[in-house]
Structures are given as structure tokens and as C-alpha cells.
Amino acid sequence: MEHYLDDLRSLKLEVYELFRQHPDLLPPVLEALTKEQQRDLVRKCMHCILDAGYSPMFFFNTDFKKYFYLAELLSMIDLSTTVKLGVQYSLWGGSVMNLGTERHRKQYFEDIDKLRLPGCFAMTELRHGSNVAALQTEAVLDVATDEWVINTPDDGALKWWIGNAAEDGKMGTVFARLKVPAPDGSGAVDDHGVHAFIVPLRDMASHELLPGVDIRDCGYKVGLNGIDNGMLRFTNVRVARENLLDRFATVERGGKYSSPFTASKRFAATLGELTGGRVGLTTASVGVLKGALTIAVRYGAQRQQFGPPDGSEIAVLDYQSQQQKLMPMLATCYALHFTKNFLIEQYVEMKRTKDEELVADVHSLSAGLKAYTTGYTASALSICRECCGGHGYAAVNRFGALRSDHDIFQTFEGDNTVLLQQVAAMLLKRYKEQFSGAPISATYNYLRQWAADTLPPNPLVSHETDMRHLRDPAFLVRSLRYRTARLLHTAALRLRKHTRRLGSFHAWNKCLPHLLALSRAHIESVMLDCFLEGVNKCVDAECRKALKAMADLFALQRIQSDIIFRNDDYVAPEKQKAIQRLIEILCSELRSVAVPLVDAFSIPDHILRAPIGLASGQSDPYSAYLQSMGYAASA
Ligand SMILES: Cc1cc2nc3c(=O)[nH]c(=O)nc-3n(C[C@H](O)[C@H](O)[C@H](O)COP(=O)(O)OP(=O)(O)OC[C@H]3O[C@@H](n4cnc5c(N)ncnc54)[C@H](O)[C@@H]3O)c2cc1C
């Protein structure tokens, strides 16, 4: 199975081998390190990767798949390193490469790649994170000197949480309101909204802060203490006019502003170029989920508690309760694996073709999948910890650090609740388009059938309980699509009704839970499609059987747990019961192959590190654990 899952397996083996040679970079207990030690560790990890000849900037700019794969690999090595890499290459580097033009790329590529120019992505302010359009930092053109003058007008506009700022950053992409003299010569200033500027922060040689730049450390955080997040204040900081990242808007000498886009399209195009960061976070989050499941499943298979009065104790994974926590999670992890691969393929295709439809699709899918994956993994980490009982709480078994470090994945690079709304907005747009007869891209093609899909189900089908029917991909796919189509149709109707009375903003707010459910439903529809494609492409009969069982479990669990299917009589009570029984059967069927299924993630012991979850500990689960606590295992 592992060969089927990993088409970049050689990169994985190389990177993991690299870290095997540097055991000092794999501390057993991250929490035991101060933030200074964690930051130092991150720097060493970054250099280890670069010194081995990898070029993350080249990957991010050209060999995209490798970049995202690297993010997944690094996630079980150290999440602060994964994020620091993301800040340097996808945020700082990505903003220069994608929001700038050729001269920016030429000037900065090498130095960013080689880490000679560590940089920041300074968007968020104290008062505004999600609402980027409301940022208040200013960049006013001084026509006399042909320079931008950057200022933080008040404390609310302090740049906040800026990764790489507190200690390492030499420069940053600073998001500020672009202001130029009004062309009518009245002396007024035109505010063209938020744009991105390259701003030097520290002297290249002495590393001293430059005049007008004040930076403070954001201090200890709940996790990710290897990242030097900082707050920045600018007081009359002057940078050349050319430091505007001017792919989407230019300013001539004298202050003439021009952009081929309307203000809202330009803003959307600017934010759209940041999609790569979300894809990276998604892949890293899938990596964490794979790691957590590897620990929990292996531990559950060997940990024994209780048993029949006349027999020996049984493994905790043999309890139905444990199976029903972990097997659907394993199935979801595989679904996410195939879906993030699909997202990466779409991303690569988007970069190749620059097709506008695809840009919109990838933007929406990356937003939705980032939100779904990171939210799912955050909850899964707690369940996996719980499934490992008290020993799951030992820091050495890693759940604590993974949970603390991963938690913020739900918030940065777009708060999950905000991102899911972008998916809902896209679905509603597509829904309207189908009435106008406009072409609709492949990902959303199934919405064309909304009319058929929202029809009351055939009563014969809603009562059908035969196992073959319940495991028929046609039934599973159609059910999840029905749910999305139904939620979409009803959301559109509700929005129309409330907008008349309340206006669009309040109508949207009133329908928000409905819209979030719609987005999640859509993402799960896409996940099932990707999973089934993964099943179909698998040639090994045994693997295919296990994959199909997981795909069925993934879909059936969604049908069983969402009340919409019952409310609509899409699933009659006896069918609901049959689905519940089938879920139990699939969970116990998968239990027998659960260990090989997590082994297929092929995370070697020196990377996984959790003593209770090691592959090598399967015959004697406690010996590595005892050793990690300083006890030699007794003979
Ligand atoms: C460790 C860390 C590293 C970071 N690194 C960087 C960095 O390098 N550069 C950078 O620029 N930023 C960075 N950030 C900032 C991060 O991107 C923001 O925190 C994030 O965008 C969310 O913004 P916020 O904190 O203002 O949350 P808010 O937007 O204030 O959200 C607060 C709550 O309100 C809800 N909410 C907000 N708007 C809506 C809405 N429209 N509908 C429904 N609910 C809503 C949210 O769901 C959330 O629950 C970092 C943050 C952290 C913690």
C-alpha cells in the first residue's frame, strides 16, 4: 500500500534519512525546550534542509508537488519548522514572486531561497486579522523623493503575529493602504486600498533594526514556540517606489495609479495568489493526522485491558467503542490523503494553464479543504490522545506538542469559519450560473443535477437495506451529492427571502450555520469522489478491498450522522438501522487491517518518536517507553 500512497517516495526516504543522521534535531520532548531553544532548533532544521541541497523556493515556484510533499514530511519532524518554512517560502517568498514582477523575482529569488534574506509576511494587525480590507497601515507616496512613506497610524494598526519578525527577518512584505496624490491637483490624497510593499526591517550586515522600525516579540504562545512571531510599528519608514509589488497595480513617478482590475477584483487577485500557503497547511495537517493515527492504532492493537472471565485480556482496539472512534478516522485520513493529492494536481494545472475558472476552483477548494482538514485533525488529535489513555498524556508520546502546535492551523492563513464562507459563496455563484447557461467547471458539475438530486427519493430506494446497495458507489456518491444540492437549494431560497427584509449582509449572517453546513457537505462530496477514484486506480486486490471498505465507511458515517437524510426521508428508519449495522461490520473488518493501514503511511520510528507507537515496539510495547523514562526494560 505504501508504494501506492507515495509517488514521491524517494524524497520521503531522503529527507527522513537526513534527519536520522541528525538525532539532535529530533528532541524527545519538545515541551522541555524554552522558546529560545525551540527557535534555535528550527533554524538548525532549516539549515539542515538547505545544506542537503534542497531548494524550497524553487519547489514552491516551479516544482510545486515537491514543496507540498515536503510540508507533509516535515510535519511529524517539527511543526514549527514546517511553519517557518511556510513563512519564508510560501508567504514571504511567495508574495514577492507572485505579487511582484520579473524585476522583483530576479532581485530576490536567490537570497530568499538560500535564506540569506529571511523575511516576513506582515498582513495582520492588532485590530484586524480576517478583515484584510480594513487594514490601516499606510504607504503614502512622497512625490518629491519618489518614495513610499510607511506609517502605523495608531496602536490598532500595529502589525501583529508576524512570523520571522521578532528575531530573524531582514525584510518583509508589508500590506498597507496605498495612497497617492489625487490626479486633480487639489492636494487631496486618493486611498487605493490595501497593497503589498517590500520593506527592509533590519540592516543586512549588523542585523540592527532600521530607522523607524520598531519590533517586539509576541512572547510565549500556546504552541509553535519555535516561530519568532513579532509586532511591528513603522514611523516614517521610507522605501523606493519600486518596492510596491506591482503585478496587479502600478504607480508611475508622479503618482499616477493604474490597474487593469477593478478595486475588488484586484484585491481578490492579490489574496488569490496566496492559495499555495493553504495547500501547504492542508498537506502538513494530513501529515499530522497520519502520525497521530499511527500512534493511536498501533498502541490500541497491543494495549490490553479486561477480557472474558475465562479468557485472557483483549486489546483495547477490539472494543467496539475504540473501533468506532478510530476506524472512521482512519477512513477520513485516507479520504483526505487522496483529496489533498487532487488539490495539488489542480494547483499544478492552475499554475500551468492560468485558466481563470481553475483559479477560482482551486481558490475555493484550497480554502474549504484547509478548513475541513485542520478542523478535523485538531479534533482527531484529542480523540487519539484519549484512545491512548494515560500514556497518551506523557509528553514523550507527542500528542501534547502536536495538539498545541497544530491548533492554530485552524486560524492562520484564513480562519476556518471565514474560509468556509468563501466556499459557500462560490457554490451559490455556481448555482446561479447554471440558470444562466454559463459553462461550469468539472468540480461543480454535479450541481447541474440539483433539480434531479433534490427530488424526493424513490420510496423503494429509501427503504432499501441490502448490503450491496448500501455499498454501491452510485448510492454513496448520490447521497452526499443530494445533501449538498439540497443544502444549496434551500440556502439560496433562504438568502433570497431574508435579503428582501434584512439586506444581504444580515441575511448572510442569519443563514451562516446553514452555509457552513453546505460548505462542509460539498467538501465531503469532493472527498468521496477523490477517495473512490483512489480505490479504482488501485490494482492490488487486497489494498483495493481495504480502501473500498474505508471509502464506504467514510460515506456511510456521514449519511448516518447527518439528520438531513432522516428529515427528508431520504433514508427510512430501517435503512438507517442497516447503515448503523454496516458501519459496525466495516469497523471490525478494518480493525483487522488497521495496523498495516497505518504502517502504509511509512513514518519511520525515528521520526514518529512516540515510544508507545513505534513499529519496532509491537512485540514489546513497553520497552521503548520505559527507556524513554530512563528505566532500562527488565529482561
Ligand atoms: C501563531 C500565529 C502566527 C501567525 N502568523 C502570521 C503571519 O506571519 N503574518 C500575518 O499577517 N498574520 C499571521 N497570523 C495572524 C493570523 O493570520 C490571524 O490570526 C488570522 O487571520 C485570524 O484573524 P484574527 O486573529 O484577527 O481573528 P478574527 O478575525 O478576529 O476572528 C475571531 C473569531 O471571529 C470569527 N469571525 C471573524 N470574522 C467572521 C465572519 N465574517 N463570520 C463569522 N465569524 C467570523 C472567527 O471565526 C473567530 O472565531 C498569525 C497568527 C498566529 C496566532
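Bear in mind that the values here come from a model prediction, so they are computed numbers and not experimental data. (Residues numbered from 1 in each chain as written. Predicted model: local features only at pLDDT ≥ 70, side-chain atom pairs only at ≥ 80, totals over all residues. Heavy atoms only, no water.)

**Focus: the overall build of the chain**
(1) Moving on: The helix and strand tally for the chain stands at 25 helices and 13 strands.
(2) Moving on: Expressed as a percentage of the 635 residues in the chain, the buried residues total 57%.
(3) Moving on: Summarising the internal contacts of the chain: among those between residues at least 6 apart in sequence, 74% fall at separations of at least 24.
(4) Moving on: Summed over its atoms, the accessible surface of the chain is roughly 26,000 Å², and 55% of this surface lies on carbon and sulfur atoms. (Helix = DSSP H or I, 4+ residues; strand = E, 2+ residues; numbered from the N terminus. Buried < 20%, exposed > 50% of the residue type's maximum accessible area, 1.4 Å probe, protein only. Contact = heavy atoms within 4.5 Å. Areas by Shrake-Rupley, 256 points an atom, 1.4 Å probe, with all protein chains shown as cover.)

**Overview of the UniProt feature "domain: Acyl-CoA oxidase C-terminal" (unreviewed entry) in the chain**
(1) Moving on: UniProt feature "domain: Acyl-CoA oxidase C-terminal" (unreviewed entry): in the numbering of this structure it lies at residues 472-618.
(2) Moving on: Segment residues 472-618 splits into 80% helix and 0% strand. End C-alpha atoms: 36 Å apart. (UniProt positions renumbered as here; feature names shortened; annotations may be inferred.)

**Here's the deal with the environment of Arg496**
(1) Moving on: Within the secondary structure, Arg496 is located in helix 17 (residues 473-502).
(2) Moving on: Relative accessible area serves as the criterion here: at 54%, Arg496 is assigned to the exposed category.
(3) Moving on: The spatial distance from the C-alpha of Arg496 to the C-alpha of Ala507 is 8.2 Å, given a sequence separation of 11 residues.

**Some points on helix 7 (residues 102-113)**
(1) Moving on: Along its 12 residues, helix 7 runs 16 Å from first to last C-alpha, staying within 8% of the 16 Å computed at 1.5 Å per residue.
(2) Moving on: Inspection of helix 7 places His104, Tyr108, Phe109, Ile112 and Asp113 among the buried residues, and these make up the whole buried set. Projected down its long axis, helix 7 shows its buried positions confined to an angular sector of 135 degrees, all on one face. Exposed residues on helix 7 whose side chains face more than 90 degrees from its buried face are Lys106 and Gln107. (Expected span 1.5 Å × (residues − 1). Arc of directions from axis to C-beta.)

**Some points on the domain arrangement of the chain**
(1) Moving on: If you check the domain split of the chain, you get domain 1 (2-113), domain 2 (121-259) and domain 3 (275-439 + 457-598).
(2) Moving on: Centre-to-centre, using C-alpha coordinates, domain 1 lies 26 Å away from domain 2.
(3) Moving on: Residue-level contacts link 24 residues of domain 1 with 27 residues of domain 2.
(4) Moving on: Each partner contributes to the roughly 2,300 Å² buried at the junction of domain 1 and domain 2, and carbon and sulfur atoms together form 56% of this total.
(5) Moving on: Here Asp217 and Arg39 are joined by a salt bridge, their closest N and O atoms 2.8 Å apart.
(6) Moving on: Our enumeration of links across domain 1 and domain 2 arrives at 19 residue pairs in polar contact (both at pLDDT 80 or more).
(7) Moving on: Among the elements of the structure, helix 3 (35-51), helix 6 (79-99) and helix 7 are those that each provide at least two residues to the side of domain 1 that touches domain 2.
(8) Moving on: Here the element with the most residues in the side of domain 1 that touches domain 2 is helix 6; it accounts for 12 residues. (Domains from an automatic or database assignment. Buried area = accessible area lost by both parts, 1.4 Å probe. Salt bridge = Lys/Arg side-chain N within 4 Å of Asp/Glu carboxyl O. Polar contact = N/O pair within 3.5 Å; in protein donor to acceptor, adjacent residues only side chain to side chain.)

**Thoughts on the site of the ligand**
(1) Moving on: Taken together, 19 residues surround the ligand, and among them Phe121, Met123, Thr124, Ser130 and Asp415 come closest.
(2) Moving on: One of the backbone nitrogen or oxygen atoms of Phe121 is found 2.7 Å away from a nitrogen atom of the ligand.
(3) Moving on: In the model, a nitrogen atom of the ligand is placed 3.0 Å from a nitrogen or oxygen of the Trp161 main chain.
(4) Moving on: A total of 970 Å² of accessible area belongs to the ligand in isolation, and the protein chains cover 65% of it.
(5) Moving on: Contributing elements (two or more residues each) for the shell around the ligand: strand 4 (159-162) and helix 13 (416-436).
(6) Moving on: Sort the elements by how many residues they give to the shell around the ligand and helix 13 lands first, with three residues.
(7) Moving on: Partitioned by chemical class, the residues of the shell around the ligand number eight nonpolar, eight polar and three charged.
(8) Moving on: For the shell around the ligand, the two domains that each supply at least three residues are domain 2 (121-259) and domain 3 (275-439 + 457-598). (Near = heavy atom within 4 Å. Nonpolar A, V, L, I, M, F, W, Y, C, P; charged D, E, K, R; others polar.)

**A few points about the pairing of strand 9 (residues 237-240)**
Remember that side chains alternate between the two faces of the sheet whenever the strand is regular.
(1) Moving on: Burial of the side chains of strand 9 is restricted to one face: Val237 and Val239 are buried, whereas none of Arg238 and Ala240 on the reverse face is.
(2) Moving on: Two elements, strand 3 (residues 147-151) and strand 9, share four bridges in a ladder whose sense is antiparallel. Looking at the pairing, Glu147 lines up with Ala240 of strand 9. (Pairing = 2+ DSSP bridges.)

**A few points about the sheet that holds strand 8 (residues 230-234)**
In a beta sheet, neighbouring strands pair by backbone hydrogen bonds and run either parallel or antiparallel.
(1) Moving on: Read from one edge to the other, the open sheet built from three strands follows the order 4-8-7, with strand pairing classed as antiparallel. Each having just a single partner strand, strand 4 and strand 7 (213-217) make up the two edges of the open sheet. The mean inter-strand angle of the sheet, taken between neighbouring strand axes irrespective of direction, is 25 degrees.
(2) Moving on: Where strand 7 lies against strand 8, five bridges are found, and the strand directions are antiparallel. In the sheet register, Ile215 faces strand 8, and the bridge partner there is Leu232. (Axes fitted to C-alpha atoms, helices over the stretch in contact; angles between N-to-C directions.)

**Some points on the nonpolar core**
(1) Moving on: Phe19, Leu293, Leu330, Tyr334 and Phe531 are the most contacted members of the largest nonpolar core, which totals 171 residues.
(2) Moving on: At 15 residues, helix 10 (residues 320-353) tops the list of elements feeding residues into this core.
(3) Moving on: Among the nonpolar cores identified, the runner-up in size contains 25 residues, and Ala165, Ala176, Phe197 and Ala249 belong to it. (Core = buried A, V, L, I, M, F, W, Y, C linked by side-chain atoms within 4.5 Å.)

**Concerning the side chain of Lys179**
(1) Moving on: Within the secondary structure, Lys179 sits in strand 5 (residues 171-181).
(2) Moving on: Apart from the residues within four sequence positions on either side, Lys179 is in contact with Glu138, Ala139, Val140, Leu141, Trp148, Val189, Asp190 and Asp191.

**Here we look at the pattern of salt bridges**
(1) Moving on: In this structure the tally under the stated criterion is 46 salt bridges.
(2) Moving on: Between Arg241 and Glu242 there is a salt bridge, with its nearest N and O atoms 3.6 Å apart.
(3) Moving on: On the accessibility criterion, Glu242 (37% relative accessible area) is partly exposed.
(4) Moving on: Linked by salt bridges that have partners in common, Arg39, Arg43, Lys84, Glu167, Asp168, Asp217 and Asp228 make up one network.

**Notes on unusual backbone geometry**
(1) Moving on: Phi angles above zero are rare outside glycine, and Asp146 is one such case at about 60 degrees.
(2) Moving on: You can see Asp146 is positioned in the loop between strand 2 (138-142) and strand 3.
(3) Moving on: On the accessibility criterion, Asp146 (10% relative accessible area) is buried.
(4) Moving on: You will see that Asn164, though not glycine, has its phi angle at about 80 degrees, which is positive.
(5) Moving on: Residue position: Asn164 is located in the loop between strand 4 and strand 5.
(6) Moving on: According to the relative accessible area criterion, Asn164 is buried, its value standing at 3%.

**So, the UniProt feature "domain: Acyl-CoA oxidase C-alpha1" (unreviewed entry) in the chain**
(1) Moving on: The residues that UniProt annotates with the feature "domain: Acyl-CoA oxidase C-alpha1" (unreviewed entry) are residues 272-428.
(2) Moving on: As a span, residues 272-428 carries 75% helix and 3% strand, and end to end its C-alpha atoms are 19 Å apart.

**Quick look at the confidence of the model for the chain**
(1) Moving on: Predicted confidence across the chain gives a mean pLDDT of 94, with 96% of residues reaching 70 or more.
(2) Moving on: Here the predicted complex scores 0.96 on pTM and 0.99 on ipTM. (pLDDT = per-residue confidence, 0-100.)

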